[in-house]
Every structure is written in C-alpha cells, then in structure tokens.
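Survey of secondary and tertiary structure
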Amino acid sequence: MSLQDRLHCPGCQGRLAPVPPGELRCTACGRTIPAADGVADFLAGAAPLANDPNRYDADPSIGAAPIGGLPGLVRGAAGNRWPGYLGDVLELGCGVGRMTEALVAAEPMRGLLAVDTAIDKVRSCRQRLLSCGLPGDLRPEFAAVSGSQNAIRDGIADTVLGVDIMARTGDLRGFLATVHRVLRPGGRAWFVVSNRRYRQALCHAMAEAVVQTFARDRVWHDDTRAATAVLARSRLLLVHRGDSQFLAGLDRKHLFDSEVLEDLAKEAGFATAEMIPLSPDPFGANSALEFCVAEGLSETVARAFAPLVASAGQPFFGLLGLQDSSDAMLLWLTKGTGPAVQTFSARPKPALPVFTDACTAAGGPGARWSIELLARETPSGVEVQVGGWCLANADVQWVRLILDNVGANAPVWRPRPDVHEILNAAGLYRPLNALCSGLNALLRFEGVQPANGWCAFRLEVVLTNGIVLSGPAPEALAMDEPCVINQ
C-alpha cells in the first residue's frame, strides 16, 4: 500500500494522487499536501502546541531513550493475544522510531505507516528505518498529521500501536474513536500507558523515603531535593486528574485507572478492552529506579534511593490488586469482525463520602497556609502573583482568589521541603502533601478594574473532593502592596 492508499484529503476525504515533484493532490477539491523525502506533511511544518488535544507525538524522553526490553515486555504481557502476523501496521506517535525499528526487526508485517505530530521526529524515524535495513519488500510510509485532521483512511490497519501517546492526548474519546475507525474488522490495537493507582502508591512511598532520609541526615541533600521535584510533577497529575481544562496546557495530561480506560474503549465501540500489567513490580524497587531515571535523576542516585522506596512503600503497594501491580500497563483492544448491536453501560463510580463540615473533610490536624499575594493593575484587568504554601491531610487542588466576583485558581503542587521540616516534624500531615505544598502562579483577572487601588477580595482553599475551606483574609486587596495571609 502506498501513501495515497492509506491517507486521504483531510478537508473533503477525497482520494490523493501523487504529483511531481513531491506532493499529494486531492482529486476532488485540488488541495495539495507536501510529500518531500517520503514524508507527507499534513501540518505544513507547523509545530504542535502543548494544549493541542489531538497530538500524535510521544513523550520525547521515550522517543529518544533506548527502547530496551519494552518490545519483549509488550509481547509477554499480550501472551496468546499476540498475532502470528501483524499485517498492515499503523504506529501513532512514532517519535524518532526506536519502537518502530524494534518491531520491524522482530515481527513480520505487510506494510507500515508511522505518523507523529512533529515533522522532525517523523523524518528521524524514516532515516532510522532506512539506515537499519528493511526486511523483504517492506516499504514503510510516513506522515506528519494531527488527530483533528481525519487524514487517515478508514480500515487501513490490522494493528495500531503507540507508546506513551495516550498520556499526552487531550481528547481521549476522539483518539479511541479514530483508532476504531482506522482498524479493519478483527484488528487489534495496543498502547503503553501509565497506571494512576500504582503511580500514587509509588509517590507516597518516595515521599516516605525522602522524609526518612532527611530525618536520618538532618539536611536536604541535592538528591532529596531533586526527588521532591520529581514527586511534585507527578502529584500535579494525581491531584488534577480529570480536569481537562487545566490539563490541556500540560505536556503530560493523564495517569489512567484501568476500569475507566477500558470503559472509554468499549464506549468507542471496541469488542474487547483489557488493561494488562506490563511489568509487575509489587514491591516498587524496579519501578522507583526506572521512574527516577526517566524523570532526570542520575542512575547512581536512583539506585541508592530505590531500596528505600521499596522498604517505605510496603503499606502502599500491599493495597494494590494484581491488575494494578505495574506502573506501566498494556491497553489491548480488539475490533469486532462485523456489524453488531452493542449496549454499553459504564461501571458505576463509587459515591464520595459525605462530610458534615469542612474541617472533618480536611482530615486530622487543621489545614495550614501562608499565601503571599502581590496584585497590580494592567490595561486588561488585574494580575496577581501568588506564592507561599498550603497544607492539609486531604489533597488540596486549588487556592482560589476572587476579585470583584471574578475567580481564578492557583494549583498547589510545587516542591516545598522546608514546609515539611518546619510544620511536619511530628508527622501529623502526609509527607507527600507537605513536600509538595507550594504555590507559584500568576493569575489574571480580565476586566477587573480596581476602585481607588483596591478590589473586593475573597480567598478559598478547594480540596479535590469539592470541599471549600476558608479562613481569615482581608475584605479588599490593594494594588502594588505585598499581602501575606496566614492560617
């Protein structure tokens, strides 16, 4: 199959035909697509935006790092689901082609289309495959395309795959619908994704290891500060999961619950959807090592830190079931062989606990905060720089500022090991919450105009369960005057 057999016009879905020198032209509407050096560029060289919900690019750290034993782990997890012949393959988010190269070398296939949202990655993938030598008469095709363009024709693949791409895709329903559409009846798709429950246990275990290290040495080493920064980035995803508007601006947007992702896939029409542990690690030592290295810690530091994580994490990892025993999961999907009537009903979500008051919802000792504000007037409204920290045993999602009835939210997640050292010496608060309690955000209040240099002001602390805490705060906020609010 050639490029024009796998792709169509993203505007009218008309058939594409090759036009020298190096273009594809729609036979229906006349639109042209650059196709230089064997890569169809549907994005015309435009770089993907971080908040594009239809990106097809994988994590750069995944794409650039050696793929190691991942292909073998995928095949082992799939077990007897793995087909003897992959047929026509579509890789979404091919990156620089390390997984592509490994599959081409090891698995028989009829054809291959590798796509990514970043044109430079697609070109790197093509060069890698051409330089490694291709088996038989395989002639892979390449394209730079976004999921919003509907540029891939229906039913062109027997196998669709992607590594870490779903974590970076904002529109998961649209993504899964596209995968279902491009698969042939009886085809299969698989994706490597991250498990939220395991990552949460891993982060709590790492936080325990960090504070135990500090309690032993009574100093914050550079290594423990770096580990705290790693924790903070993961906690941002854990606390804000499901908030599509906030997550849209992040490069990585998702950690997944097995049943939620399976239900989304079945809602998209797949006959079967299974989340399979890719590399079970019930004690967390190997996962901690791999996670720390992937997040930028040196291998020497990670190897010294991983056993502490495994020791401290036994109470957390011991609560996980078999399906959640791995940080990386394999989502395995199959498409039905023909038309069928499906009645889909998502599994009911557990009811949230009902709290009689906000203090009970916060849990344990009372919530504490020290919030630093500096407001200034701009031509379009008011800007407020927010700093400080906010600590509770319950997860804090936002510090919300309300100026003249206009609200804006500052996320609570920045690394603040000093908050743990000063306020949590007795261990009254969860280590993860204390270590990652910092604020650093610039909030904009469009259209708000101060009266005589003041705005009516209200402050709220919003927990992930929806409970709102309040405390002493001034009734008005002055422009250009630092303000510190303590609770």
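Presented here is a report on the structure given in the accompanying data block. (Residues numbered from 1 in each chain as written. Predicted model: local features only at pLDDT ≥ 70, side-chain atom pairs only at ≥ 80, totals over all residues. Heavy atoms only, no water.)

1. Concerning the packing of aromatic side chains
Put simply, the rule reads: What counts as a ring pair is set by centres within 6.5 Å for rings of Phe, Tyr and Trp (its six-membered ring), and what kind of pair is set by the plane angle: stacked under 30 degrees, edge-to-face over 60, tilted for all other angles. Numbering of helices and strands runs from the N terminus, with a helix taken as a DSSP run of H or I at least four residues long and a strand as a DSSP run of E at least two residues long. Any residue under 20% of the maximum accessible area for its type is buried, any over 50% is exposed, and the rest in between are partly exposed; the area is computed with a 1.4 Å probe on protein chains only.
Inspection of the entire model under this criterion finds six aromatic pairs. Ring geometry for Tyr198 versus Phe317: centroids 5.3 Å apart, planes at 40°, classification tilted. Of this pair, Tyr198 sits in helix α7 (residues 196-217) while Phe317 sits in helix α13 (residues 314-317); the two residues are 119 residues apart in sequence, bridging distant segments of the chain. The pair Tyr198 / Phe317 is uniform in exposure class, with both members buried.

2. A few points about the sheet that holds strand β13 (residues 381-391)
Put simply, the test is: Two strands qualify as a pair provided that DSSP identifies no fewer than 2 bridges between them. The axes are straight lines fitted to the C-alpha atoms, using for helices just the contacting stretch, and the angles between their N-to-C directions are given from 0 to 180°.
The strand order across the open sheet built from four strands is β16-β13-β12-β20, with neighbouring strands paired in antiparallel fashion. The open sheet terminates on both sides in strands that have one partner only, identified here as β16 (438-446) and β20 (483-486). Between one strand axis and the next, the sheet turns through 20° on average, direction left out of account. In this sheet, β20 lies alongside strand β12 (residues 368-378) in antiparallel orientation, the contact comprising four bridges. Of the residues in β20, the one forming a bridge with Ser370 is Asn486.

3. Digging into the pairing of strand β14 (residues 396-403)
Burial analysis of β14 places seven of its eight residues in the buried class, the great majority of the element. Looking at chain direction, β14 and strand β17 (residues 454-463) are connected through seven bridges and run antiparallel. In the strand pairing of β17, Arg400 is matched with Glu460. Of the strand pairs in this sheet, β14 and strand β15 (residues 406-411) are connected by six bridges, and their pairing is antiparallel. Each bridged residue has a counterpart across the sheet, and for Trp398 the counterpart in β15 is Pro411. The hairpin turn running from β14 into β15, its antiparallel successor, is two residues long, and Asp404 in that turn takes a positive phi close to 50°.

4. Here's the deal with the pairing of β13
Among the eleven residues of β13, ten are classified as buried, and the element is accordingly described as predominantly covered. Sheet topology note: the β12/β13 ladder contains eleven bridges and is antiparallel. Pairing of Glu377 across the sheet is with Val382, part of β13. Following β12, the chain reverses through two residues before pairing antiparallel with β13.

5. Observations concerning helix α6 (residues 172-182)
Residues lying three or four places apart along an α-helix face the same way, a consequence of the helix completing one turn every 3.6 residues. Cut-off, in case you're wondering: It only takes one pair of heavy atoms within 4.5 Å for two residues to be counted as in contact.
Of all the positions in α6, only Leu172, Phe175, Leu176, Thr178, Val179, His180 and Val182 are classed as buried. Here the buried face of α6 lies against β5 (88-92), β8 (157-163), β9 (183-194), α10 (258-267) and β11 (328-334).

6. Some words on the environment of Thr300
For Thr300, the position within the fold is in helix α12 (residues 299-312). For Thr300, a relative accessible area of 65% puts it in the exposed group.

7. Some points on the packing of α6 against α10
Using the following cut-off: Here the word oblique covers every angle except those under 35 degrees (roughly parallel), over 145 (roughly antiparallel) and from 65 to 115 (roughly perpendicular). A clockwise turn of the near helix away from the far one marks a right-handed crossing, whereas an anticlockwise turn of less than a right angle marks a left-handed crossing. When residues are sorted by character, Ala, Val, Leu, Ile, Met, Phe, Trp, Tyr, Cys and Pro go into the nonpolar class, Asp, Glu, Lys and Arg into the charged class, and all the rest, Gly among them, into the polar class.
It is at 9 Å that the axes of α6 and α10 come closest, and there the two elements cross at 55°. One element, α6, and the other, α10, form an angle in the oblique class. In this structure, the crossing between α6 and α10 has a hand that is right-handed. For the pair formed by α6 and α10, the contact residues are Leu172, Arg173 and Leu176 on the first element and Leu264, Ala265 and Glu267 on the second. Across the contact of α6 with α10, the residue classes tally to four nonpolar, no polar and two charged.

8. Let's talk about the sheet that holds β11
One open sheet holds the eight strands; their spatial order is β4-β7-β6-β5-β8-β9-β11-β10, and the pairing between them is mixed. Two strands in the sheet have a free side with no partner beyond their single neighbour: β4 (39-41) and β10 (272-277). The sheet shows a mean angle of 15° between the axes of neighbouring strands, direction not considered. Where β9 meets β11, seven bridges bridge the pair, whose relative direction is antiparallel. Looking at β11, one finds that Trp190 is bridged to Trp332. Along the sheet, helix α5 (residues 119-132) makes contact with β4, β6 (111-116) and β7 (141-144), crossing β7 at roughly 165°.

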